[in-house]
Amino acid sequence: MKVRYSYLKQQFSNCPDLWSKLKKFVSTGDFTLGKELGFFERKFAQLIGTKYAIGVNSGTDALKISLKAIGVKSGDEVITAANTFVATVGAITEIGAIPKFVDCDDTFCMNVEHLEKKITKKTKAIVPVHFTGYMTNMPKLMKLSKKYKIPVIEDACQSILGSINNKNAGTWGLTGAFSLHPLKNINVWSDGGIITTNNKKLYEKIKLLRNHGLIDRDTVKINGYNSRLDTFQAVVGNWLLPKAKQIANRRIKNAKYFDNEFSKIKQINIPPRPKNMKVVFHLYIIFAENRDELYKYCLKKGIEAKIHYPKPMYLQESVKYLGYKKNDFPITDGHCKKIISFPCDQHLTKKQQNYIISTVKKFYIGTKN
Ligand SMILES: *Cc1c(COP(=O)(O)O)cnc(C)c1O
């Protein structure tokens with residue numbers, strides 16, 4: 001049996017209604033900052049629970065433009081998680097700021113206990129990453145943000161509809177950054193991103209920043225970027241967005257089934273599942289003994305398992321100049337050796353899930369450890 005990781009071929013394989021919408025849209029010529037984009041932004045803000053949302057070119061740009069909008073400059077320090085995806089760090093370095101890393105805990109998010117000692121006079125923003133669909137401990141983090149008056153930009157790219165105490169990712173900080181990349185839980189057909197905020201001033205500034213700083217076609221107010229979400233992609237987004245909750249719930253259901261079965265295998269450890277947290281499982285990751293062998297065995301058996309990631313961001317060559325060394329972030333390092341990801345998406349069938357579970361069981365019976 002084959003279990004694919006990416007479900008993209010299935011996701012848009014049967015959507016005649018979307019095709020007819022796109023056909024109609026193309027004949028309007030409303031391609032740049034069009035009506036459908038405005039509609040998508042309002043619906044997205046409504047879904048997440050903020051006053052505003054602004055579509056941009058990518059999740060990376062959502063972070064970069066947020067940082068720019070709150071005034072982060074070259075030489076400023078920005079605190080983020082040591083285990084994050086490259087894009088968080090790319091957004092920080094692109095504006096010349098210096099990433100300062102904090103180790104994660106077993107929920108794959110920044111351990112907020114270690115945050116305070118990283119704060120210096122140069123710290124101009126904190127970027128918690130709600131990695132894999134978990135949430136950073138935002139109640140605690142926001143207290144520190146208030147105490148030190150340091151703004152928070154949430155990297156919510158992997159955690160659309162994730163929440164703590166029913167308060168969604170992207171509603172805690174000054175802004176929330178989301179990605180609509182094809183591999184994310186809510187996706188379009190190209191790169192795309194969106195920024196959420198409750199702050200009217202920031203909303204206005206971000207709208208300028210994403211569109212060359214133009215107030216109108218003849219008036220440039222500030223130096224900005226070309227980072228608009230294509231209206232064409234907003235049409236796709238408008239088709240998918242009503243399914244967002246259903247997609248999250250299906251992933252949660254799949255994860256529960258996995259958790260229940262994997263918890264019967266003594267060589268598997270399941271990360272904590274805090275009761276007040278809604279984890280939306282952009283990635284379904286467990287800790288496995290003998291991980292490298294299990295990984296190879298799964299691939300051989302046709303299961304496209306993944307490792308997110310074998311080498312942590314803070315040790316990549318691109319950030320060597322920051323001077324971090326191996327073992328600086330022991331939890332992140334430990335994860336690299338024992339994490340394994342299985343598909344958990346809304347198109348995964350029960351049969352495929354059962355095959356993954358039985359394959360993992362078989363592996364450990366075979367190795368007798
Ligand atoms: C995907 C992702 C991004 C960036 O999104 P893009 O749309 O690919 O630019 C940023 N941070 C995290 C944690 C991500 O997973």
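Predicted model only: the values in this text are computed from it and were never measured. (Residues numbered from 1 in each chain as written. Predicted model: local features only at pLDDT ≥ 70, side-chain atom pairs only at ≥ 80, totals over all residues. Heavy atoms only, no water.)

(A) The arrangement of the side chain of Asn-185 in detail. Looking at where Asn-185 falls in the secondary structure, it is placed in the loop between β8 (175–179) and β9 (193–197). Among the residues examined, Asn-185 registers a relative accessible area of 4% and is labelled buried. A polar contact of 3.5 Å, which involves the side chain of Asn-185, links it to the side chain of Arg-251. In terms of polar contacts, Asn-185 uses its side chain to reach the side chain of His-282, at 2.9 Å. With residues near it in sequence (within four places) discarded, Asn-185 still touches Tyr-7, Ile-160, Ile-247, Arg-251, Val-280, Phe-281 and His-282. (Helix = DSSP H or I, 4+ residues; strand = E, 2+ residues; numbered from the N terminus. Buried < 20%, exposed > 50% of the residue type's maximum accessible area, 1.4 Å probe, protein only. Polar contact = N/O pair within 3.5 Å; in protein donor to acceptor, adjacent residues only side chain to side chain. Contact = heavy atoms within 4.5 Å.)

(B) A look at a positive patch on the surface. A grouping of Lys-68, Lys-73, Lys-124 and Lys-205 is seen on the molecular surface, where their side chains present a positively charged patch. Within the secondary structure, Lys-73 sits in the loop between α4 (59–69) and β2 (77–81). (Patch = residues over 30% accessible without salt bridge, like charges linked within 9 Å, V, L, I, M, F, W, Y side chains within 5 Å. Areas by Shrake-Rupley, 256 points an atom, 1.4 Å probe, with all protein chains shown as cover. Salt bridge = Lys/Arg side-chain N within 4 Å of Asp/Glu carboxyl O. Lys, Arg positive; Asp, Glu negative; His and termini not counted. Charge placed at Lys NZ, Arg CZ, Asp CG, Glu CD.)

(C) The arrangement of α4 in detail. Where burial is concerned, most of α4 is hidden: nine out of the eleven residues are buried. Every buried residue of α4 is listed here: Gly-59, Asp-61, Ala-62, Leu-63, Lys-64, Ile-65, Ser-66, Leu-67 and Ala-69. The N-capping residue of α4, defined by a side-chain oxygen 3.4 Å from the backbone nitrogen of Thr-60, is Ser-58. Within two residues after α4, Gly-71 carries a phi angle of roughly 95°, on the positive side.

(D) Examining the sheet that holds strand β14 (residues 284–288) more closely. Pairing within the open sheet is antiparallel, and its three strands lie in the order β12-β14-β15. Bordering the open sheet on either side are β12 (268–269) and β15 (339–342), each of which pairs with just one other strand. As defined by bridge partners, β12 adjoins β14 across two bridges and the pair is classed as antiparallel. Bridge pairing in β14 places Ile-268 opposite Ala-288. Against the sheet, helix α11 (residues 330–338) makes contact with β14 and β15, and its axis sits at roughly 55° relative to β15, the strand it touches most. (Pairing = 2+ DSSP bridges. Axes fitted to C-alpha atoms, helices over the stretch in contact; angles between N-to-C directions.)

(E) Examining the sheet that holds strand β3 (residues 98–102) more closely. Strand order in the open sheet formed by three strands is β3-β2-β4, with parallel pairing between adjacent strands. Looking along the sheet, the strands with just one partner apiece sit at the ends: β3 and β4 (123–127). Within the sheet, the average angular offset between the axes of one strand and its neighbour, ignoring direction, is 30°. Relative to β3, β2 runs parallel, the two sharing five bridges. Paired with Val-78 across the two strands is Pro-99, which belongs to β3.

(F) Highlighting the pairing of β9. With five of its five residues buried, β9 lies for the most part within the structure. The two faces of β9 match: Gly-193, Ile-195 and Thr-197 on one face and Ile-194 and Thr-196 on the other face are all buried. In this sheet, β9 lies alongside strand β1 (residues 52–56) in antiparallel orientation, the contact comprising five bridges. Bridge pairing in β9 links Gly-55 to Ile-194. For β8 and β9, the ladder comprises five bridges, and the chain directions are antiparallel. Looking across to β9, one finds that Ser-179 is bridged to Gly-193.

No statement about biological role is implied by the geometric values presented.
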